[in-house]
Amino acid sequence: MKLVVAGLNHRTAPVEVRENLAFGVEDLAPALAKLRNGVGAREAMILSTCNRVEVTATFDAAGPSEEVIVAFLAETHGFAAGSLAAHMYSYEERHAIRHLFRVASSLDSMVIGEPQILGQLKQAYAQAREHGAIGGYLDAVLTRAFTVAKRVRTETEIGQNAVSVGYAAVELAKEIFGSLHKQTVLIAGAGKMSESAARHLERAGVTDILITNRTAGRAEEMAHVFRGRVIPFEDFPGRLEEADIVIASSAAPGYLLTCDHVKRAIELRRNRPMFFIDIAVPRNIDPAANDVEHAFVYDIDDLERVVNENLKGRSEVAKRGEAIVEEEVDRLLARLRGRDVTPTIVGLQEQLEAVRSAEVARFRGKLGALTPEQEEVIEALTRGIINKIAHGPISELRRTAEGSGSSEAAGGSSDLVNLVRRVFRVPERDR
């Protein structure tokens, strides 16, 4: 079996590409079914966030892998496979495990140390499991990734003073306005990023927060926490002029605000400027609205500069996290290789026991009547011979598995498994 991760993120693809590859909750069941039944993956998981879209899958060792994932993503979202491939990365085996551990530990995030990605990865795992796409191999890798993330957060200071996308959005607003004390802010969406933005706005001195959300009850809950005012979702495009700053973080599949909405709001404000910060993927605000005079639209990629400023001086913390990841990759690989040779070890023992039992039965008639003590001696003698024969290959299988962290050693482990199976006529068995 071969483990593969293929996808793109904020470093390899701009937001206009990422948003067109995003998967909604309703898309997951057919997409996972297609990966398994159409593409040939044995197990599969799809992680889709504002900053990355990744497919993690296992394939038969001799089968195709990353190229079929690129083709799957291209076909699913109407891209040309060649143009999409230019934005994608792929990892196999050890490198795939390392990547998953780094993602779970937020070492691969735009915001190093942010906690949201672990929850998003756990949700992707739960959804894939719910749809029957998680088997023993991915289960072992992903549950270990969650443990590694906890260890990195516990043993390093990576989570301390970590910024969030919401923080970066508010910092950008402060750069634009200076003091936010007298500004009115409209937040579209009531998810975790919106909550984070509202919390930072409150700390920045904003006292007038307007909140809108497709689910009115969630908007009311958030308004109660942050002492804000609720605008009905269907009304908010017509009330844009009330806001100086609009932060959009809704899960809506299309644009909530068009150029016409923005143009009308600017006219009603008599050309007083408005700032739009769109941290949703897919985007909530038509990027062409940035061409409207006195309207300034920023998307999630524009926040990277703010984030990078905050990350200066955190490299030592990240190095310690990377060291933990490498250590845990070695540990998991040893476990997985050990598990890979277990069916061969069990099969070898069963095959030798079958030979022993058959030979004892064949000669039993020539031995005449035996006392129970003599029966025990024969059983012990023959079992002892079989155990000594099995000891060498079993020890070598375990030793090779434990030391097969590199791809070359892993290949040696596989060769030894195949050799033992051929020499001792060990039948294939399901794992």
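Reading guide: rules and limits
- Residues numbered from 1 in each chain as written.
- Predicted model: local features only at pLDDT ≥ 70, side-chain atom pairs only at ≥ 80, totals over all residues.
- Heavy atoms only, no water.
- Helix = DSSP H or I, 4+ residues; strand = E, 2+ residues; numbered from the N terminus.
- Buried < 20%, exposed > 50% of the residue type's maximum accessible area, 1.4 Å probe, protein only.
- Pairing = 2+ DSSP bridges.
- Axes fitted to C-alpha atoms, helices over the stretch in contact; angles between N-to-C directions.
- Contact = heavy atoms within 4.5 Å.

Participant: Would you explain the environment of Asp415 in this entry?
Facilitator: The topology assignment puts Asp415 in helix α15 (residues 407-423). By relative accessible area, Asp415 is classed as exposed at 53%. Taking the C-alpha atoms as reference points, Asp415 and Asp301, 114 residues apart in sequence, are found 47 Å from one another.

Participant: When you look at the sheet that holds strand β3 (residues 52-59) in this model, what are you seeing that I'm missing?
Facilitator: Pairing between the strands of a sheet is mediated by backbone hydrogen bonds and can be parallel or antiparallel. Strand order in this open sheet of four strands is β2-β3-β1-β4, and the pairing throughout is antiparallel. Here the strands that pair on one side only, and so sit at the sheet edges, are β2 (43-48) and β4 (89-92). Strand-to-strand twist across the sheet, computed as the mean angle between neighbouring axes with direction ignored, equals 15°. Bridging between strand β1 (residues 2-9) and β3 involves eight bridges; their strand directions are antiparallel. In the sheet register, Leu8 faces β3, and the bridge partner there is Val53. Lying over the sheet, helix α5 (residues 93-104) contacts β1, β2, β3 and β4, oriented at roughly 115° with respect to β4.

Participant: Before we go on, may I ask you to explain unusual backbone geometry in this structure?
Facilitator: When glycine is set aside, most residues are seen to have a negative phi, and most peptide bonds are trans. Backbone torsion omega between Val281 and Pro282 reads 5°, so that peptide bond is classified as cis. Locating Pro282 in the fold gives a position in the loop between β9 (274-278) and β10 (295-299). Non-glycine residue Arg227 carries a positive phi angle of around 55°. With relative accessibility at 61%, the residue Arg227 sits in the exposed group.

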